[in-house]
Amino acid sequence: MIKLRINGRERSFDGDPETPLLWYLRDELDMTGTKFGCGAGHCGASTVHRNGEAIRSCSTPMRDLAGKTVTTIEGLSPNNSHPLQIAWMHANVPQCGYCQTGQIMQAAALLKKNHNPSDKDIDDAMSGNICRCGTYQRIRSAIKAAAKDTAKAGGIA
Ligand code: FES
């Protein structure tokens, strides 16, 4: 039995410990905000947080999550009020939208560590998150806007 906390709620997983976290999220918990992309951890579509760090849920087995805290896009904020979610809406970032939850979760992990990221910081942090629609410029603008709003508000959640 693997016990972990997902979006603030205790969970117990008693399946195959090699099961990827993404399978558990989508198929058992019905949290479908996190997406399957390449399935090998290279595209970033399945990004969630483990103890605040961005990880690829498609290639993280459940055995690596015992006692950990996981946050998915569903748990990033109670009502889509995270500064990144607001900035994403204002900048109309998504096109097809498929990659965007992974992009936001990756960006949220960046802003937790770096409240005023440069273009290079953003490029370095986001380089593993692929967008086939090419929304990279708007992603960068939204991250900068969120960082500015966060600084005005005195910190990030
Ligand atoms: S918005 Fe379509 S893949 Fe990124």
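Just so we're clear, the structure is a prediction, and the values are computed from it rather than from any experiment. (Residues numbered from 1 in each chain as written. Predicted model: local features only at pLDDT ≥ 70, side-chain atom pairs only at ≥ 80, totals over all residues. Heavy atoms only, no water.)

1. Comments concerning the pattern of salt bridges
In step 1: As enumerated under the stated definition, the model contains eight salt bridges in all.
In step 2: Across the salt bridge formed by Glu-18 and Arg-63, the nearest N and O atoms sit 2.8 Å from each other. Placement of Glu-18 in the loop between β2 (9-13) and α1 (21-28) and of Arg-63 in the loop between β4 (53-56) and β5 (69-71) is noted, with a sequence separation of 45 residues between them.
In step 3: Across the pair Asp-119 and Arg-140 runs a salt bridge whose closest N-O atoms are separated by 3.5 Å. Pair noted here: Asp-119 is in helix α4 (residues 119-126) and Arg-140 is in helix α5 (residues 136-153), with a separation of 21 residues, a long-range link.
In step 4: Look at the salt bridges and you will find they share partners, linking Asp-119, Asp-123, Arg-140 and Lys-144 into a network. (Salt bridge = Lys/Arg side-chain N within 4 Å of Asp/Glu carboxyl O. Helix = DSSP H or I, 4+ residues; strand = E, 2+ residues; numbered from the N terminus.)

2. Quick notes on the nonpolar core
In step 1: Grouped together as the largest cluster of nonpolar side chains are 19 residues, with contacts concentrated most on Leu-84, Trp-88 and Ile-143.
In step 2: At the level of elements, α2 (83-90), α3 (100-113), α4 and α5 are the ones that each hand at least two residues to this core.
In step 3: If you tally residues by element for this core, the top one is α3, at six residues.
In step 4: If we ignore the near neighbours within four places in the chain, the residues touching Leu-84 are Ile-104, Ala-107, Ala-108, Leu-111, Ala-142, Ile-143 and Ala-146. (Core = buried A, V, L, I, M, F, W, Y, C linked by side-chain atoms within 4.5 Å. Buried < 20%, exposed > 50% of the residue type's maximum accessible area, 1.4 Å probe, protein only. Contact = heavy atoms within 4.5 Å.)

3. Focus: the pairing of β4
In step 1: Note that strand β3 (residues 47-50) and β4 share four bridges and pair antiparallel. Across the sheet, Arg-50 pairs through a bridge with Glu-53, a residue of β4.
In step 2: Linking β3 back to β4 in an antiparallel pair, the connection comprises two residues, with Asn-51 at a positive phi of about 50°. (Pairing = 2+ DSSP bridges.)

4. Looking at the domain arrangement of the chain
Many descriptions give the size of an interface as the accessible area lost when the pieces come together.
In step 1: Each assigned domain of the chain is listed here: domain 1 (2-75) and domain 2 (83-153).
In step 2: For domain 1 and domain 2, the distance between their C-alpha centroids amounts to 21 Å.
In step 3: With 19 residues of domain 1 at the contact, the number on the domain 2 side is 14 residues.
In step 4: Counting each side, the surface lost to burial between domain 1 and domain 2 is near 1200 Å², with a carbon and sulfur contribution of 55%.
In step 5: When the buried area of domain 1 at its contact with domain 2 is split by residue, Lys-35, His-49 and Ile-73 rank highest and sum to 37% of it.
In step 6: Counting across the interface, domain 1 meets domain 2 through one salt bridge.
In step 7: Between Glu-53 and Lys-113 there is a salt bridge, with its nearest N and O atoms 3.4 Å apart.
In step 8: Inspection of the region where domain 1 meets domain 2 yields eight residue pairs in polar contact (both at pLDDT 80 or more).
In step 9: Every element with two or more residues in the side of domain 1 that touches domain 2 is listed here: β3 and β4. (Domains from an automatic or database assignment. Buried area = accessible area lost by both parts, 1.4 Å probe. Polar contact = N/O pair within 3.5 Å; in protein donor to acceptor, adjacent residues only side chain to side chain.)

5. Observations regarding a nonpolar patch on the surface
In step 1: On the surface, a nonpolar cluster with roughly 290 Å² of combined accessible area is contributed by Trp-23, Phe-36 and Tyr-98.
In step 2: As for its placement among the helices and strands, Trp-23 is situated in helix α1. (Patch = residues over 30% accessible without salt bridge, like charges linked within 9 Å, V, L, I, M, F, W, Y side chains within 5 Å. Areas by Shrake-Rupley, 256 points an atom, 1.4 Å probe, with all protein chains shown as cover.)

6. Thoughts on the sheet that holds β2
In step 1: Strand order in the open sheet formed by five strands is β2-β1-β5-β3-β4, and the pairing between neighbours is mixed. The open sheet has two free edges, formed respectively by β2 and β4, since each of these has just one partner strand. Each adjacent strand pair in this sheet contributes to an overall mean axis angle of 40°, direction not counted.
In step 2: Where strand β1 (residues 2-6) and β2 come together, five bridges link them in antiparallel fashion. If you follow Ile-6 over to β2, its bridge partner there is Arg-9.
In step 3: Along the sheet face, α1 touches β1, β2, β3, β4 and β5 and points at about 105° away from the line of β2.
In step 4: Packed onto the sheet, α3 meets β3, β4 and β5 and runs at close to 35° relative to β3. (Axes fitted to C-alpha atoms, helices over the stretch in contact; angles between N-to-C directions.)

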